[in-house]
Amino acid sequence: MAWDKKPPANPLARVDKKRKFYFLHGDDEAAIERAKDQVVTAHLSREEREDNYFEIVPTGNPPQLKKVLDDVLSELSMVSFLPDITRVVTMYTVNDFFDGKSGGKGGRSKKKVAADTGPKKSSSDHMAAFLTAELPSLPAVLIIIVLEDYEKFKRISASNPVVQFAQNQSAVYGFKEDSPQFAFFDALFARQTTKSLEIWRQWQRRAPGSPRPYMMLASQLRLLIQAKTAGAPVLQQRGVKKSEYGTNFMPHEMDKNLFALKPAFRMDKLTRAAGAFTFGELLASYEKLLDIQKYAIPVSTDVYVPDRELMAETWIIDFTMRK
């Protein structure tokens, strides 16, 4: 079955010891960590790591490159005490690689920018310049890790200077998780009870204890209700166009708005799936999700926490078999 297939081949098949830069991105954190360890192991033995391997984990909300750039460049420029030993540095996710802005932040007037010698360079510009001019001559390797979240539209931007450099150097390696969640919701909305339960259990085994699957039940059902509402004759009767409905009546958050979903085929799939349900079915099922959502993240003040896995499976059976 599709959800039981073997994981895709590692994009980083082998490590070229002449390469000094690796840009690892995607939502499969485990695969990314394995690839990182593969690069580190190719350059450093276990004994050599203590003095020659360094990890930089940016903090802040959101984490920004400017706060760690000096540390990254300093670590890469540090020469090992032992000859022929490579310095390896790993830098984790910063928000800069998602927005792709190469200039300074907003707030400066056009007149002010024109009065300067040129637009202010961003931290990404400075890092790209370092990677181009200085890293090739250093006995060092830089690994950049960017964890993406496709549901929250956090994807690397091709316009970011560091991403552009990585692409030009063929140093970009993508690791996308073959998540069962998409297959699960396809089966759920097609009213395939047995298949839905099988994939749900497989999803639970992949993420034991995680509240995400339970939260996703509610978020996807909300989108299905939106799709059902968007096709309702009552909108036409009241003179409300679909475009107006999406702009004025839907949530502003892109991941909660049916009309803003990317890629666009997701909206089409939900619209088709909504035809298999009545408003009454969808609203009744959504109300029954209340307890599942309540105990998705148990708190210490809960006197009693029911078996949420049993609750979820009972809900799935009821949802798919309801007529």
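If you're wondering where the values come from, they're calculated on a predicted model, not measured in any experiment. (Residues numbered from 1 in each chain as written. Predicted model: local features only at pLDDT ≥ 70, side-chain atom pairs only at ≥ 80, totals over all residues. Heavy atoms only, no water.)

Student: Honestly, helix H9 (residues 193-206) in this entry has me stumped. Any pointers?
Tutor: Given 3.6 residues per helical turn, the α-helix brings residues three or four places apart onto the same face. The end-to-end C-alpha distance of H9 is 20 Å, a good match for the 20 Å that 14 residues give at a rise of 1.5 Å each. Along H9, the residues classified as buried are Thr193, Ser196, Leu197, Ile199, Trp200, Gln202, Trp203 and Gln204. Those residues of H9 hidden inside the fold are in contact with helix H8 (181-189), helix H10 (212-230) and helix H16 (308-321). (Helix = DSSP H or I, 4+ residues; strand = E, 2+ residues; numbered from the N terminus. Expected span 1.5 Å × (residues − 1). Buried < 20%, exposed > 50% of the residue type's maximum accessible area, 1.4 Å probe, protein only. Contact = heavy atoms within 4.5 Å.)

Student: Would you mind showing me how to read the pattern of salt bridges here?
Tutor: For side chains of opposite charge, pairing can occur when their charged atoms come near one another. For the structure on display, the rule yields 9 salt bridges. Here Asp318 makes a salt bridge to Lys288, at a shortest N to O gap of 3.5 Å. Here Lys288 lies in helix H14 (residues 279-288) and Asp318 lies in helix H16, a separation of 30 residues in the sequence. For Asp318, a relative accessible area of 28% puts it in the partly exposed group. Judged by its relative accessible area of 46%, Lys288 falls in the partly exposed class. (Salt bridge = Lys/Arg side-chain N within 4 Å of Asp/Glu carboxyl O.)

Student: I keep staring at the pairing of strand E3 (residues 87-91) and nothing clicks. Help me out?
Tutor: Strand residues, when the strand is regular, have side chains that alternate between the two faces of the sheet. Burial within E3 is extensive, with 5 of its 5 residues counted as buried. Judged by which residues are buried, E3 turns out to be covered on both faces: Arg87, Val89 and Met91 on one side and Val88 and Thr90 on the other are all buried. In terms of strand pairing, strand E2 (residues 53-56) meets E3 through 4 bridges, oriented parallel. The partner of Ile56 across the bridge, within E3, is Met91. (Pairing = 2+ DSSP bridges.)

Student: Can you walk me through unusual backbone geometry in this structure?
Tutor: Excluding glycine, a negative phi dihedral is what most residues carry, and trans is how most peptide bonds are arranged. Between Asn61 and Pro62 the backbone carries a cis peptide bond, its omega angle lying at 5°. A positive phi angle, near 55°, is found at Ser170, a position not held by glycine. Structurally, the position occupied by Ser170 is in the loop between helix H7 (161-168) and strand E5 (172-175). A relative accessible area of 53% places Ser170 in the exposed class.

Student: Help me understand the packing of H9 against H10, please; the structure alone is not making it clear to me.
Tutor: Axes are the key here: two packed helices are described by the angle between their axes and the distance separating the axes. Running from N to C, H9 and H10 cross one another at 135°; their axes reach a closest spacing of 10 Å. Between H9 and H10, the crossing angle belongs to the class labelled oblique. Two secondary-structure elements touch here, H9 through Trp200, Trp203 and Gln204 and H10 through Pro213, Tyr214, Met216 and Leu217. Taken together, the residues that form the contact of H9 with H10 break down as 6 nonpolar, 1 polar and no charged. (Axes fitted to C-alpha atoms, helices over the stretch in contact; angles between N-to-C directions. Parallel < 35°, antiparallel > 145°, perpendicular 65-115°, else oblique. Nonpolar A, V, L, I, M, F, W, Y, C, P; charged D, E, K, R; others polar.)

Student: Would you mind going over the packing of aromatic side chains with me for this structure?
Tutor: We describe a pair of aromatic rings using the distance from one ring centre to the other and the angle between the two ring planes. Inspection of every chain in the model, using the stated rule, returns 13 aromatic pairs. Between Phe185 and Phe189, the aromatic rings sit 5.9 Å apart at their centres with planes inclined by 40°, giving tilted as the arrangement. Here Phe185 pairs with Phe189, and both are found in helix H8, just 4 residues apart, close to one helical turn. As far as burial versus exposure is concerned, Phe185 and Phe189 are alike and both buried. When the ring of Trp200 is compared with that of Trp203, the centres are 5.7 Å apart and the planes differ by 80°; the resulting orientation is edge-to-face. Here the residue Trp200 and the residue Trp203 both occupy positions in helix H9, the gap between them amounting to 3 residues, near one helical turn. The residues Trp200 and Trp203 share a single accessibility class, namely buried. Through a chain of ring-to-ring contacts, the aromatic side chains of Phe184, Phe185, Phe189, Trp200, Trp203, Tyr214, Phe277, Trp315 and Phe319 assemble into a single cluster. (Phe/Tyr/Trp six-rings, centres within 6.5 Å; stacked < 30°, edge-to-face > 60°.)

Student: Hey, could you run me through the environment of Ala129 in this one?
Tutor: If you trace the backbone, Ala129 turns up in helix H6 (residues 123-133). We classify Ala129 as partly exposed; its relative accessible area is 44%. Considered as a pair, Ala129 and Phe165 are 36 residues apart in the sequence and their alpha carbons are 9.2 Å apart.

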